[in-house]
Amino acid sequence: MFKKYFSLLLIAAVCLMFQGCAALLDSGSSEMKTTALDRAVYEPYEKRKTIEGYEEFIAKYPYNRFVAAARREIEDLRFAAVKKINTIEGYAEFIKKYPGNPHLPEVQDNIEKLELAYCRRENTSACYKSFISRHPQSMFLNEASKDLQEIEIDQFAQVLKENYGFDLPLYRLNLNRLKKELILESKEEIGDFSFFFSFITREGKNYFSTHLTFNNDQELTKIPAEVIPDEIFDDIIAGQLEYLNVKFKGKQKINGFSFEIASLPPNTSQVQRLMTCYFPIDGVDQFARGRIDKETLVKKTIVIPYSARRPLASQEVKPITGQQQEEALLKVQEVSEAVPLKWNCVEDGLAKDGKFVRTAPPAFSFEYPKPWVIDKLGDNDIFNGYNPPYTPRMNVIIMKIGKISGNVDDALKIIVENCATGVQKDLQEEYNKKDIKLLYLRPISAYEGYLAYEFEVRFTDLQHRSKPLFFAVNANVIFTDGYAIMILGSGPVWEEKSGRVTLNSVDGVKELFKTIAILSSKLPLPAREISATIAVKEESPSAPTVEDVTLALIQEETASPPGQNVGEPEAMPELMKWSSEKDGLVKDGKFIRATPPAFSLLFPEGWTVERAGDKFVFKGNDSYLLPAMQISVTKISGDEAAYLKLFPAVITESLRKAGSSNTSVLYSKPSDVYEGLPACEFEINYKPKDGKPLPRLTTYVNVIAKDGFAIILEGESSGDIDRLKTIYESINLKP
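What comes next is a walk through the structure. (Residues numbered from 1 in each chain as written. Predicted model: local features only at pLDDT ≥ 70, side-chain atom pairs only at ≥ 80, totals over all residues. Heavy atoms only, no water.)

Here we look at the state of the cysteines
Applying the stated rule across the entire model yields one disulfide. Between the sulfur atoms of Cys119 and its disulfide mate Cys127 the distance is 2.5 Å. Between Cys119 and Cys127 the sulfur-sulfur dihedral comes to about -80°; the bridge is accordingly left-handed. For the pair Cys119 and Cys127, a shared accessibility class is recorded, and that class is buried. (Disulfide = S-S within 2.5 Å. Buried < 20%, exposed > 50% of the residue type's maximum accessible area, 1.4 Å probe, protein only.)

With respect to the sheet that holds strand S7 (residues 350–352)
Strand order in the open sheet made by the four strands is S7-S8-S9-S17, with antiparallel pairing throughout. Looking at strand neighbours, the two that pair on one side only are S7 and strand S17 (517–518), the edges of this open sheet. By the bridge criterion, four bridges tie strand S8 (residues 355–358) to strand S9 (residues 364–367) in an arrangement that is antiparallel. Paired with Lys355 across the strands is Glu367, a residue of S9. (Pairing = 2+ DSSP bridges. Helix = DSSP H or I, 4+ residues; strand = E, 2+ residues; numbered from the N terminus.)

Remarks on the nonpolar core
In terms of nonpolar packing, the biggest core is built from 43 residues, with Leu168, Tyr171, Phe208, Phe248 and Phe279 touching the most fellow members. At the level of secondary structure, the elements contributing two or more residues to this core comprise helix H7 (141–164), helix H8 (168–184), strand S1 (193–202), strand S2 (205–215), helix H10 (230–247), strand S3 (256–264), strand S4 (272–280) and helix H11 (281–288). With eight residues, H10 is the single largest residue contributor to this core. Setting aside chain neighbours within four positions, we find Phe279 in contact with Tyr207, Ile228, Phe233, Ile237, Leu241, Asn255, Gly256, Phe257, Phe259, Val284, Leu297 and Thr301. Counting 26 residues, the second-largest nonpolar core is a separate cluster that includes Ile704, Ile711, Ile721 and Leu733. (Core = buried A, V, L, I, M, F, W, Y, C linked by side-chain atoms within 4.5 Å. Contact = heavy atoms within 4.5 Å.)

A word on the sheet that holds S3
In a beta sheet, neighbouring strands pair by backbone hydrogen bonds and run either parallel or antiparallel. Spatially, five strands are ordered S1-S2-S3-S4-S5 in an open sheet, and the strand pairing comes out mixed. Edge positions in the sheet fall to S1 and strand S5 (302–305), since each of these pairs with one other strand and no more. Put simply, the sheet's adjacent strands are angled 20° from each other on average, direction ignored. Pairing geometry for S1 and S2, over 10 bridges, is antiparallel. Each bridged residue has a counterpart across the sheet, and for Arg202 the counterpart in S2 is Lys205. Strands S1 and S2 of the sheet are contacted by H7, whose axis makes an angle of about 50° with S1. Packed on one face of the sheet, H11 meets S3 and S4 and runs near 80° to S4. (Axes fitted to C-alpha atoms, helices over the stretch in contact; angles between N-to-C directions.)

Structural notes on the packing of aromatic side chains
In this structure the tally under the stated criterion is 35 aromatic pairs. Plain terms: the ring middles of Tyr42 and Tyr54 are 6.2 Å apart, the flat faces sit at 35° to each other, and that makes the pair tilted. Of the two residues, Tyr42 is situated in helix H1 (residues 2–48) and Tyr54 in helix H2 (residues 51–60); the sequence distance between them amounts to 12 residues. On the basis of relative accessible area, Tyr54 is assigned to the buried category, the value being 0%. (Phe/Tyr/Trp six-rings, centres within 6.5 Å; stacked < 30°, edge-to-face > 60°.)

Topic: H7
Spacing of three or four residues puts side chains on the same side of an α-helix, whose turn is 3.6 residues. An ideal rise of 1.5 Å per residue puts 34 Å on 24 residues; H7 measures up with 33 Å between its terminal C-alpha atoms. Of the residues flanking the end of H7, it is Gly165, one or two places downstream, whose phi is positive at about 60°. (Expected span 1.5 Å × (residues − 1).)

What to know about the pattern of salt bridges
Pairs may arise between side chains of opposite charge once their charged atoms sit close together. Tallying each qualifying case throughout the model produces 22 salt bridges. A salt bridge links Glu56 to Lys60, with the nearest nitrogen and oxygen atoms 3.3 Å apart. Pair noted here: Glu56 and Lys60 are both in helix H2, with a separation of four residues, about one helical turn. The exposure class assigned to Glu56 is partly exposed, which follows from its relative accessible area of 30%. Linking Arg273 and Glu260 is a salt bridge whose minimum nitrogen-to-oxygen distance equals 2.9 Å. One end of the pair, Arg273, is in strand S4; the other, Glu260, is in strand S3, with 13 residues separating them in the sequence. The class for Glu260 is buried, based on a relative accessible area of 9%. Each member of the salt-bridge network shares a partner with another, and the members are Arg120, Glu143 and Asp147. (Salt bridge = Lys/Arg side-chain N within 4 Å of Asp/Glu carboxyl O.)

Some details on the pairing of S2
Within S2, nine of the 11 residues are buried, which leaves it mostly tucked inside the rest of the structure. Here S1 hands over to S2 after two residues, with Glu203 in that stretch at a positive phi of 50°. By the bridge criterion, nine bridges tie S2 to S3 in an arrangement that is parallel. When the sheet's bridge partners are listed, Thr213 is paired in S3 with Ala262.

Some remarks on the packing of helix H5 (residues 104–122) against helix H6 (residues 125–134)
Where H5 contacts H6, the two axes come as close as 9 Å, and the packing angle between them is 160°. Here H5 lies roughly antiparallel to H6, going by the angle between them. Crossing hand, H5 versus H6: left-handed. For the pair H5 and H6, the contacting residues are Glu112, Glu115, Leu116, Tyr118, Cys119 and Arg120 in the first and Cys127, Tyr128, Phe131 and Arg134 in the second. (Parallel < 35°, antiparallel > 145°, perpendicular 65-115°, else oblique. Left-handed = near helix turned anticlockwise from the far one by under 90°.)

Quick look at the side chain of Asn702
Within the fold, Asn702 resides in strand S28 (residues 697–706). For Asn702, a relative accessible area of 2% gives the class buried. In this structure the side chain of Asn702 is engaged in a polar contact, spanning 2.5 Å, whose partner is the side chain of Tyr674. Every residue in contact with Asn702, bar those within four places of it in the chain, is listed here: Tyr674, Cys680, Glu681, Ile711, Ile712, Leu713 and Tyr728. (Polar contact = N/O pair within 3.5 Å; in protein donor to acceptor, adjacent residues only side chain to side chain.)

This is the structure we're talking about:
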């Protein structure tokens, strides 16, 4: 009985299972039919591929499975239309009308590209400074900084030429050649340095200063602070002192030459100043003439270490102890006596009808928007904007500078560093802000005849919305009449929306700084002449910092704007095959070609080399095998000059065919470094396929015409092309 009952249950279960499977099959079949029907309805609109058509489809069939696809097509078509026009005004209107479009990051990039092109046409420092201020996260930030640096170094070079008979471009060329020689001699630890120049004053004496920053050299930080590293003196400083002694015609107008030595440790953007060496003119002359040796010159030299300096809050340094700690404390006390003044009367500061005027020392004025609200708070005036909760704000603080002993320049800079540290401390302790970071601290030449500094602190604010809002405090500190005028502007910088800047009120406050007029008539603390050659060093897009960038050789022609029309390639040049060792042989770190066009070229030790059909491919030894380089040769057809101009478009097209996108020709210009032979050089920035090995790469190409052939040196890097330049310039065209 039980057995029969169990059999009936089993039969019923099997029947139910088959019934369920049948229902599932029916359901899947129905789903496929629905999708097919939706597809049939959508296809006619897809073929039309117009915004109107897709909008009509969405309106008629709001529940169709392809509505999302139609919306994506509309976004793409809208972007394609504005990209075709390619104007700043068009892109600005696009952002306003379509704030949720997924192409906004590319729109912002295109705006910045056009603005940079405009700056290159204007070729003024004001235009570049405005670009850098408004676009601190731009992918073109490094290019703009280098262009600005070239303008300002040219201005400084003119001063040196007229007043001291010194050719700064030749000195830069001399240093770049030295870098190349050191790297080729496998001395990369000291050959990999950047540099800039300025006049500095110490104890009333003027020095022409060369600032050297060695990249990723941790060994330097282990050397005693008061000792000039032997390898740096022997391989770099000694030769440059001899050069300056001969070439600096107006050396009788100064007291000596100084060299600042700094290091940029790995995985950090904070330059660590190690020491400044002040060489007296008479000692340099005797050394250059062989009348005294190195040891005697060093005894005549003043070496000022920076180990006892109070560090910036954002630096990671080990605490000093014992005697060093006491010396550091005394040093800070001596130079940081800058006490805020109270506001007691109208002469101390009057804000009325959009203008602030102070007639008491230090006298100055500036303008502000009339609707802003003014509050007086103890020792400073606070100017509040009219757009809460993201209210831009300005603070004005006057500080009286006490007695200064020692180097005036160093003392005043420490005052600014203390101000920056105080701002960070207030943000952290009083306002409980997060992710506080000192972005940069640098001298500026915005106030003619007055020593001034600028610094910016950024932080995250979570009070007003769920997503972080990034704020900045930007400060200008101006020294005049024994006072420090500190004007701080604060406000939001950008939101995390599509990763792009959408709110920028702190930059509006920076514009107000430009209206500051110093009315004081005397300068007890005279400003030293500032060469303003400090620039932004590119690193990660999220954290630009102000450090010196390696100065490139003086460029004879203005670089072409990014994205310029370089012409379509008429035909891809046919590369010559490598059929024998005479066509190309690699041996002992040297590439040699014996057949026309004959040449040889050095490449770094440790690089891998392989022959790939019509190219020799060289790869670096970092984790991404960068930088990389390939050598190829092609026969020139037609006009030689026209043939060379073809290559930017040719290489751009080959990158696109390889799957790269967002390609941009940064510049294309003739090159005169190849023994008088016709040549061109250009850079292309692009996004490689799938973002590998890195999100963006730079291709740097030199093409040299010789004996009816074109020698193509095509290199790839993460953005720093100096090493590739060094390799290219090692070419021997008459082997």
